[in-house]
Amino acid sequence: MARISAKNMPMLKVIPLGGLGEVGKNMTVLEYEDEILIVDCGMSFPDDEMFGIDAVIPDFNYVLDQNKTVRAVVITHGHEDHIGALPFLLDKIDVPVYGTKLSLGLIQRKLDEKMMDKARLMRQVTIGEVIKLGRFEVEFIRNNHSIADSCSLFIKCAGLKIVHTGDFKIDYTPVDGEVIDLQRLAEIGGGIDLLLSDSTNAEYPGNTPSEKKVGNTLMELFRGCKSRIIVTSFASNIHRTQQIFQAASANNRKLALSGRSMLNIVKVAQELGYLKIPEDVLIDIKDVKKYKDNKVVILTTGSQGEPMSALTRMAAGEHRQIQIKSGDVVIMSANPIPGNEKMIIDVVNKLFALGAQVLYSKNTENVHASGHASQEELKLIFSLLKPKYFVPVHGEVKMLIKHAEIAKEMGVRASNVFLMQNGDVLEINKREAKCENAINAGITLVDGLGVGDIGNIVLKERKALSQFGILMIAVAMDKNRLVSGPDIISRGFVYMRESSDLINKTAQIAKGVILQCEKDGIKDWVDIKTKLKNQVGDYLYEQTGRNPIILPIIMSATPAAGQQSAGAGRATNKGETRNVRVRQSQ
Ligand SMILES: [Zn+2]
Ligand SMILES: [Zn+2]
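The structure displayed is predicted, hence computed values, not measured ones. (Residues numbered from 1 in each chain as written. Chains lettered and ligands numbered in written order. Predicted model: local features only at pLDDT ≥ 70, side-chain atom pairs only at ≥ 80, totals over all residues. Heavy atoms only, no water.)

> Help me understand the pattern of salt bridges in this model?
Side-chain pairing between opposite charges can occur once the charged atoms of the two side chains come close. According to the stated counting rule, one finds 30 salt bridges in the structure shown. Two residues, Lys25 and Glu22, come together in a salt bridge whose shortest N-O distance is 2.9 Å. Neither residue differs from the other here; Lys25 and Glu22 are each classed as buried. Residue Glu35 is joined to Arg135 by a salt bridge in which the shortest nitrogen-to-oxygen separation is 4.0 Å. (Salt bridge = Lys/Arg side-chain N within 4 Å of Asp/Glu carboxyl O. Buried < 20%, exposed > 50% of the residue type's maximum accessible area, 1.4 Å probe, protein only.)

This is the structure:
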């Protein structure tokens, strides 16, 4: 058998479908010949312009169209930006999912919510385990992060050694005592071909503080406090939750949970053994009022100011059980995810206005610690692994660029650092690596039950509606002859009752357009509608400086067969039609 020389060796492709140039929807495809391995499958939240959109997920088409064998999805940890899109992928293809116990527990919860029966695809791994997946071999290496059971991946394929750090930090005193496995990273170091590493905190010098530090701060704050305490943090940050329970217990306070995801995740984490709730501490939110203020803690969702979350409802005075009162201490034990700052400040202001004392990172140290590595930790990874090639992942452009600089500082050759975007294809073998091609890696929008049915056109319309509203022109026509109308209806444009002049004039202009069309022999309704849109649009812009969506609706007032009696087939002057076949066209 002829040996394949390195020169002719096929290339392994590494294609990020999400997570680059953004913090969210992480998903990376590794492709070698006819096999694909997927690392993570996350979602992100819609930006301000995406009206009504619930979630944004990666475009899976590349994976679905390739006619290749998708060996598995391997999950680094159970955060939404790594597992959130998985149900949508599993809806399209049956592919085994490998992850640690907690990651799979959280995935299962999502599948249950969607009533999807995919338990047969779940493959639980133990940290340290090596899994053979076709031509890929994946080792799960323990790391530290703001969720338990988080892993970095050591992947071997085609003689190449790749490390994907996943989200990580280096915490020498983690809450569960399980320090990131630096020893293993040192063992595999030296011969690493490609490193993909978390860039979220690449702009921050020094080291990210230990989670324990937050625990100590909370303990101190609870100890000296005579008031009711409300703490908000990420529901998935189980170690934080653990420390809040401990601080409550040590200070003889009961703890009540508020918010659906908080209740759900605490339940899953407790069932799987990741959370130890001290005896007699947990109470129902309904029972909070039975205890003195200095005997309770409320742990709630809403650390990001999410509009429907429990803390936001408390701040707005709309929470059923908890009314914020003067003297309450609210601890924001989380930092804003980029983009959420405004919503959070709004909640903080409302809480202050209600008389609460709000402790957050701006006025209190160590109420939160990030789950991502700062510069010195990132450097340690470079010095342990000594990768030949490097791709910064998981971050906005500025974070990726900073991480690329750190890589060069740490001795990676500048030409071996690849600043990639979603869809870029890195091709690598033992001899070389290049990034010259790209595939289409767009986004898929989720709106209610619809996945991918909302595109740019609908979004543009929603934006226009939100800015200027809508004005409808309803007419009934018999062929090209006006029978009734035009009736003008507007929503979100002007207050109709106080704008009768404008509305009447608009109706006159619309009528003029139709009569002119009749005169000119224009019969095609599409043409008539275009003229209506243009001329009415011009008039409204002239009068108001606004561009509402103009929606002409022409109803056919052709008399129905056999109903030729007088009066029948005539539209009323209110735009209603009696005894006529009405065909609506928009
Ligand atoms: Zn994470
Ligand atoms: Zn992440």
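> When you look at the coordination of the zinc ion (ligand 1) in this model, what are you seeing that I'm missing?
Under ideal tetrahedral coordination, the four donors around a metal are separated by 109.5 degrees; under ideal octahedral coordination, the six donors are separated by 90 or 180 degrees. Protein coordination of the zinc ion (ligand 1) is provided by His77 (NE2), His79 (ND1), His145 (NE2) and Asp167 (OD), with donor distances spanning 2.1 to 2.4 Å. Given four donor atoms and angles of 91 to 164° at the metal, the environment of the zinc ion (ligand 1) is assigned as irregular. Of note, the donors binding the zinc ion (ligand 1) are all from one chain and are spaced H-x1-H-x65-H-x21-D. A spacing of 3.3 Å is found between the zinc ion (ligand 1) and the zinc ion (ligand 2), which share Asp167 as a donor. Remark: Asp167 occurs in the loop between strand S11 (160-164) and helix H5 (182-188) and His79 occurs in the loop between strand S5 (69-74) and helix H2 (80-83); sequence separation between them is 88 residues. Assigned by exposure class, His79 and Asp167 land together as buried. (Donors = N, O, S within 2.8 Å, 3.2 Å for Na, K, Ca; no water. Tetrahedral: all angles 85-135°; square planar, octahedral: opposite > 155°, others 65-115°. Helix = DSSP H or I, 4+ residues; strand = E, 2+ residues; numbered from the N terminus.)

> I keep staring at the sheet that holds strand S8 (residues 130-133) and nothing clicks. Help me out?
Two pairing modes exist for strands in a sheet, parallel and antiparallel, and in both the strands are linked by backbone hydrogen bonds. Ordered by their spatial adjacency, six strands build an open sheet running S8-S9-S10-S11-S12-S19, and the pairing between neighbours is mixed. The open sheet has two edge strands, S8 and strand S19 (389-393), and neither has a second partner. Strand-to-strand, the axes of this sheet are offset by a mean angle of 15°, without reference to chain direction. One ladder, built from three bridges, connects S11 with strand S12 (residues 194-198); its direction is parallel. Paired with Ile162 across the strands is Leu194, a residue of S12. Set on the sheet, helix H12 (residues 397-409) makes contact with S12 and S19; between it and S19 the angle comes to about 155°. (Pairing = 2+ DSSP bridges. Axes fitted to C-alpha atoms, helices over the stretch in contact; angles between N-to-C directions. Contact = heavy atoms within 4.5 Å.)

> It is not clear to me how the sheet that holds S5 should be interpreted in this structure. Could you clarify?
The mixed open sheet is built from eight strands, whose spatial order is S7-S6-S5-S3-S2-S1-S20-S21. Of all the strands in the sheet, just strand S7 (122-124) and strand S21 (433-438) have a single pairing partner and so form its edges. This sheet shows a mean twist of 25° between the axes of neighbouring strands, independent of strand direction. Here helix H4 (residues 101-113) sits on the sheet and contacts strand S6 (97-99) and S7; the angle it forms with S7, its principal contact strand, is near 160°.

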